[in-house]
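So you can see what is in the structure, the chains are spelled out below.
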Amino acid sequence: MNNPMPTILITGAAKRGGAAIARRLHQRGYRIIVHCHTSLSAAHALALELNALRANSAVVWQAELNRTIAIPPYLHSIVGLVASASSYLHSNLDDFSTSLDADIESHLTGHLTLIQHCKTALATNHGAIVAITDIHVERPAKTHLTYHIAKGALATAVRALATELAPQIRVNAVAPGSLEWPANDAPASISPERQVQILRTTPLGRTGTFEELAAAVEFLLCDATFTTGTTLNVDGGRSIFLE
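Every chain is numbered independently, its residues counted from 1 as its sequence is written. Under the rules for a predicted model, residues below a pLDDT of 70 receive no local features and side-chain atom pairs below 80 are neither given nor counted, while totals for whole chains, interfaces and linings still include all residues. As a convention, hydrogens and water are excluded, and side-chain values are obtained from all of the structure's heavy atoms.

Undergrad: Explain the sheet that holds strand 4 (residues 78-83) here, please?
TA: Hydrogen bonds between backbone groups are what pair the strands of a sheet, and the pairing can be parallel or antiparallel. A strand pair is defined by DSSP finding two or more bridges across the two strands. Secondary structure counts use DSSP, requiring at least four H or I residues in a row for a helix and at least two E residues in a row for a strand, with both numbered from the N terminus. Pairing is parallel in the open sheet, where seven strands are placed in the order 3-2-1-4-5-6-7. Each edge of the open sheet is held by one strand with a lone partner, namely strand 3 (58-62) and strand 7 (231-234). Strand-to-strand, the axes of this sheet are offset by a mean angle of 20°, without reference to chain direction. With four bridges joining them, strand 1 (residues 7-10) and strand 4 adopt parallel strand pairing. When the bridges of strand 4 are listed, Ile-8 appears paired with Gly-80. Residue contacts follow a heavy-atom distance rule, with two residues in contact if any of their heavy atoms lie within 4.5 Å. Orientation is described by axes fitted as lines to C-alpha atoms, over the contacting stretch for helices, and by angles from 0 to 180 degrees between their N-to-C directions. In this fold helix 1 (residues 16-27) packs onto strand 1, strand 2 (31-36), strand 4 and strand 5 (128-132), with an angle of close to 175° to the strand it touches most, strand 1.

Undergrad: Can you help me understand the layout of surface pockets in this one?
TA: Picture a little ball the size of a water molecule; that probe, rolled over the atoms, points out where space is still empty. For the second largest pocket, the calculated volume is near 170 Å³. For the lining of the second largest pocket, the per-class residue count stands at five nonpolar, four polar and four charged. For cavity detection a 1 Å grid was placed over the protein atoms alone, and a set of points counts as a cavity when a 1.4 Å probe fits there but cannot get out; an open set counts as a pocket when protein lies on both sides within 12 Å along at least five of seven lines, with lining residues being those that have an atom within 4 Å of a point. Grid points are joined across faces, edges and corners, and a volume is the space filled by probe spheres set on the points. Just so you know the grouping, Ala, Val, Leu, Ile, Met, Phe, Trp, Tyr, Cys and Pro go in nonpolar, Asp, Glu, Lys and Arg go in charged, and all remaining residues, Gly too, go in polar.

Undergrad: Explanation requested: the packing of helix 3 (residues 100-124) against helix 4 (residues 145-164) in the structure shown.
TA: Helix-helix packing is characterised by the crossing angle of the two axes and by the distance between the axes. Taken N-terminus to C-terminus, the directions of helix 3 and helix 4 make an angle of 20°; their axes are 7 Å apart at the nearest point. Looking at the two axes, helix 3 sits roughly parallel to helix 4. The way helix 3 lies across helix 4 gives a crossing that is right-handed. Contacts from Leu-100, Asp-103, Ile-104, His-107, Leu-108, Leu-112 and Ile-115 of helix 3 reach helix 4 at Thr-146, Tyr-147, Ile-149, Ala-150, Lys-151, Ala-153, Leu-154, Ala-157 and Leu-161. Tallied by class, residues from the contact of helix 3 with helix 4 come to 12 nonpolar, two polar and two charged. Orientation categories follow fixed angle ranges, with anything under 35 degrees roughly parallel, anything over 145 roughly antiparallel, 65 to 115 roughly perpendicular, and all other angles oblique. In this scheme the crossing of two helices becomes right-handed for a clockwise turn of the near helix relative to the far one and left-handed for an anticlockwise turn of less than a right angle.

Undergrad: How should I be thinking about a nonpolar patch on the surface in this particular structure?
TA: Patch membership requires over 30% relative accessible area and the absence of a salt bridge. Like charges are linked within 9 Å, and nonpolar side chains (Val, Leu, Ile, Met, Phe, Trp, Tyr) within 5 Å. In this description, accessible areas are obtained by the Shrake-Rupley approach with a 1.4 Å probe, and a residue is regarded as covered only by the protein chains that are shown. Every case where a carboxyl oxygen of Asp or Glu lies within 4 Å of a side-chain nitrogen of Lys or Arg is listed as a salt bridge. On the surface, Leu-93, Phe-96, Leu-145 and Ile-149 cluster together into a nonpolar patch covering about 360 Å² of accessible area. Since its relative accessible area comes to 65%, Leu-93 is described here as exposed. Relative accessibility under 20% of the residue-type maximum defines a buried residue, over 50% an exposed one, and the middle range a partly exposed one, all with a 1.4 Å probe and only protein chains included.

Undergrad: Which parts of the structure should I look at to understand unusual backbone geometry?
TA: Of all residues except glycine, most have a negative phi; of all peptide bonds, most are trans. Residue Pro-167 follows Ala-166 across a cis peptide bond; omega there is 0°. Positionally, Pro-167 belongs in the loop between helix 4 and strand 6 (170-176). Unlike most non-glycine residues, Arg-16 shows phi in positive territory, near 45°. Turning to its location among the elements, Arg-16 is positioned in helix 1. Judged by relative accessible area, Arg-16 falls into the partly exposed class, the value being 42%. Of note in the backbone geometry, His-126 takes a positive phi value of approximately 50° without being a glycine. Within the fold, His-126 resides in the loop between helix 3 and strand 5.

Undergrad: In this structure, what is going on with the environment of Leu-93? I would like to understand it.
TA: Looking at the element boundaries, Leu-93 is found in the loop between strand 4 and helix 3. For Leu-93 and Thr-146, which are 53 residues apart along the polypeptide, the C-alpha to C-alpha distance reads 8.8 Å.

Undergrad: Just to check I follow, could you spell out the nonpolar core for this structure?
TA: Nonpolar side chains in soluble globular proteins tend to be buried together. By nonpolar core we mean a set of buried residues, namely Ala, Val, Leu, Ile, Met, Phe, Trp, Tyr and Cys, connected to one another through side-chain atoms within 4.5 Å. The biggest cluster of nonpolar side chains holds 36 residues, and the ones touching the most others in it are Ile-8, Ile-10, Ile-21, Leu-25, Ile-32 and Val-174. At the level of secondary structure, the elements contributing two or more residues to this core comprise strand 1, helix 1, strand 2, helix 2 (40-53), strand 3, strand 4, strand 5 and helix 6 (210-223). Of all the elements, helix 6 adds the most residues to this core, at eight residues. In contact with Leu-25, not counting residues within four places along its chain, are Ile-8, Ile-10, Tyr-30, Ile-32, Val-82, Glu-218, Leu-221 and Cys-222.

The values are spatial; any link to function lies outside them.
Right under this line is the structure:
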């Protein structure tokens, strides 16, 4: 990691949207810290892919995001942070106690701890932070009570940190809608009937791609130099009609 390429940390970068963001920012010329928790083999495969394109341009960091996370020394030189790591636990009022702590730790507390440790480097480099939130923050869906509580807290943190860390560090968020349906056997899978319903209330009439998510992150992280404290919806217009 001893080279002059500016470095960006992407949490939850091993798969899906996080991996697309990593590839997009790597293509832009950044060195990427590929963070993962359980998806270690996928993270190593991604780092191998990126390093084949440009030597010594990616490294894997495996850690569970929480308030006691151990911070490796190379994080103290980053110029950008993408808070992409996320859990998606089913919960409601009757069973919230089993998922609330996990959701708060993974979405909010772990990322706040990272920002706290990286604040000096980000300020020195006039860096930026982009958090991945959710369009359902404004109108939460059923069956994911603690997920929406945690994502809502993260969205609030974006606005609060934009004030606290200005003018040296910009802080924004991207709120995705439906992007590339998960596999049918995945924890976040969506029934065919629900997919039809979602597309019916999406003005652009399709799901988004992870590449479109990555493009929005790149814009806020690298190009939106007079933008902070805002959330960009990447949802095909679905938040207009969100149920």
